[in-house]
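Structural overview
Listed below, chain by chain, are the residues.
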Amino acid sequence: MRAARYDRYGPPEVLYEGTLPKPVAGPGEVLVRVHAAGVNGGELLGRAGKIRLVTGRGFPKGTGIDFAGEVAVLGSPMSGLRVGDRVWGTLPRASFGSAAEFVAVRPRQLALAPAGLDPAQAVSLLAGGTTSITALRDKARLRAGERLLVRGASGGVGSVAVQLGRAYGAHVTALAGAGNLDFVRDLGAHEVFDYATTGPADLGPFDVVLDTAIGTELGAFRRLLAPGGRMVTITFDSRHILSSLSYILASTVFGSRRVRFFSGNPTHRLFADLTRLVEGGALRPVVDTIHPLADIAEAHRALEAGGVRGKHVIRIG
């Protein structure tokens, strides 16, 4: 089968469309024919060799964590799933390889995809949606009427977090690039500011701060929290990994305004929650660009360049 591969760590150019054996659905597994996969920030770090403790030394490697497609084979009879069902899901934590024609996963790693969305639209919401639900609902416990700040509001996670914050009844303030301010406002943000000209000193206070894309100046943004405020970050400063992670870990324990940090590992229940939000009209997909699998390097290059509106998506079948 066709799959995105790379044989060494490095820039986007190390990626190529290769081949490898089609996986087999073992007992209790589902073989999914993948139609689309997202391009996510963690995959860029993996490809660049910045998280080698997770990705390891062996090559070649695959890329991609989320997928939308259809059930091709059931490894054993399963209640609620049939061959041909439209599904979406992610690979287990620390696994990469969804940018391929097929993936074999446990049923807990997927759910029925929302009605009315094509695979590219569906996968554009998947990682960002599950991350936003975990961050705002589960970690920050965002409540109606609270003040929410979203950093990186135009990206794959931020564009969903803005919509979700609005759906939860929060007053949403967003930071994005100058060219994306109207775009983010259209997603539902009440206030939008250019991150290049608006710093922490120009903002606040907030009940919840969500950092989706940057991982810098965490201390300055943490000080914007009102009493009882909560900060959630899903990223760290990749240029200063040790000091950034050390600050995050310390702030989860010490101080009155603790920072919540998590590494996503969504399963069936969370996918089903996201499906309900989409079908209920709370969230809409935002696709920046759809790339063929052969252009996987260009997709990574485009995400690294910044200025993203929603999600870069790989179309596979």
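Above this note sits the structure.
Conventions adopted
Residues numbered from 1 in each chain as written. Predicted model: local features only at pLDDT ≥ 70, side-chain atom pairs only at ≥ 80, totals over all residues. Heavy atoms only, no water. Buried < 20%, exposed > 50% of the residue type's maximum accessible area, 1.4 Å probe, protein only. Helix = DSSP H or I, 4+ residues; strand = E, 2+ residues; numbered from the N terminus. Pairing = 2+ DSSP bridges. Axes fitted to C-alpha atoms, helices over the stretch in contact; angles between N-to-C directions. Parallel < 35°, antiparallel > 145°, perpendicular 65-115°, else oblique. Contact = heavy atoms within 4.5 Å. Nonpolar A, V, L, I, M, F, W, Y, C, P; charged D, E, K, R; others polar.

**Focus: the pairing of strand S1 (residues 2-6)**
Buried residues dominate S1, accounting for four of its five residues. Here S1 pairs with strand S2 (residues 15-19) via five bridges, running antiparallel. Residue pairing for S2: Tyr 6 is matched across the bridge by Leu 15. As judged from the two bridges shared by S1 and strand S4 (residues 61-62), these two strands associate in the antiparallel manner. Looking at S4, one finds that Arg 5 is bridged to Gly 62.

**Observations regarding the packing of helix H3 (residues 119-139) against helix H8 (residues 268-279)**
Running from N to C, H3 and H8 cross one another at 100°; their axes reach a closest spacing of 10 Å. Relative to H8, H3 is oriented roughly perpendicular. Contacts between H3 and H8 involve Leu 125, Leu 126, Gly 129, Thr 130, Ile 133, Thr 134 and Arg 137 on the former and, on the latter, Leu 270, Phe 271, Asp 273, Leu 274, Leu 277 and Val 278. Residue composition of the contact of H3 with H8, by class: eight nonpolar, three polar and two charged.

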